[in-house]
Amino acid sequence: FQNVSRGRIAGAEVSLRADWRRAVHLTATATYLDAVEQFSGAGSQPLPYRPRWVANVNLTLRKWSGHAGAEFRYASRIERGSTLFVEGNRDLVPVYLVDAFAGLDLGRVSALLRVRNLFQYHYAERERSLGEIRNVSLSVSGKF
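As the structure is a prediction and not an experimental result, all values here were calculated from the model. (Residues numbered from 1 in each chain as written. Predicted model: local features only at pLDDT ≥ 70, side-chain atom pairs only at ≥ 80, totals over all residues. Heavy atoms only, no water.)

Asker: I would appreciate a short explanation of the packing of aromatic side chains in the present structure.
Answerer: Aromatic rings in a pair are described by how distant their centres are and how their planes are angled relative to each other. Throughout the structure, instances matching the rule amount to 4 aromatic pairs. Consider the rings of Tyr 32 and Trp 53, whose centres lie 4.9 Å apart with planes at 55 degrees: the pair is tilted. A residue pair is termed long-range when its members are at least 10 positions apart, and Tyr 32 in strand β2 (residues 24-38) and Trp 53 in strand β4 (residues 53-63) qualify at 21 residues. What makes Tyr 32 partly exposed here is its relative accessible area of 28%. A relative accessible area of 43% means that Trp 53 is categorised as partly exposed. With 6.1 Å between their ring centres and 20 degrees between their planes, Tyr 121 and Tyr 123 make a pair best called stacked. Overall, the relative accessible area of 25% leaves Tyr 121 in the partly exposed class. Among the aromatic residues, those joined into a cluster by ring pairs are Tyr 74, Tyr 96, Tyr 121 and Tyr 123. Directly above the aromatic system of Trp 64 lies the positively charged group of Lys 63, at a separation of 4.6 Å from the ring centroid. (Phe/Tyr/Trp six-rings, centres within 6.5 Å; stacked < 30°, edge-to-face > 60°. Helix = DSSP H or I, 4+ residues; strand = E, 2+ residues; numbered from the N terminus. Buried < 20%, exposed > 50% of the residue type's maximum accessible area, 1.4 Å probe, protein only. Lys NZ or Arg CZ within 6 Å of the ring centre and 35° of its normal.)

As structure tokens, then:
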């Protein structure tokens, strides 16, 4: 393995938050990264495993003692992976993930149902490492 001898990460991030009548909440962020490894002799390559674009959008609706919503996450295709494996960059695809959730607050007890990777999108975080598959969780908490 070889460490990066000279790297540079530059970029920008923008975010937006909007609330409407305490019932609708929208949060959106977008990040642009220019991450490069610089070589002597003025050459450069993208740093491994860094997407150029990352975006998140979260929409939550609140009514009475409940709330529900969805979150969309995007990461652009990683331009450069490792050269350790034959498949190289073959499995590095853009990431499009949708999560959904619904919760209920009943005084001292609250419950939250969450589905991650709602549409079972298959992607690799890096070579030979699949991203999170669909999973469902239910959490119940109480204050006593």
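Next comes the rest of the write-up.
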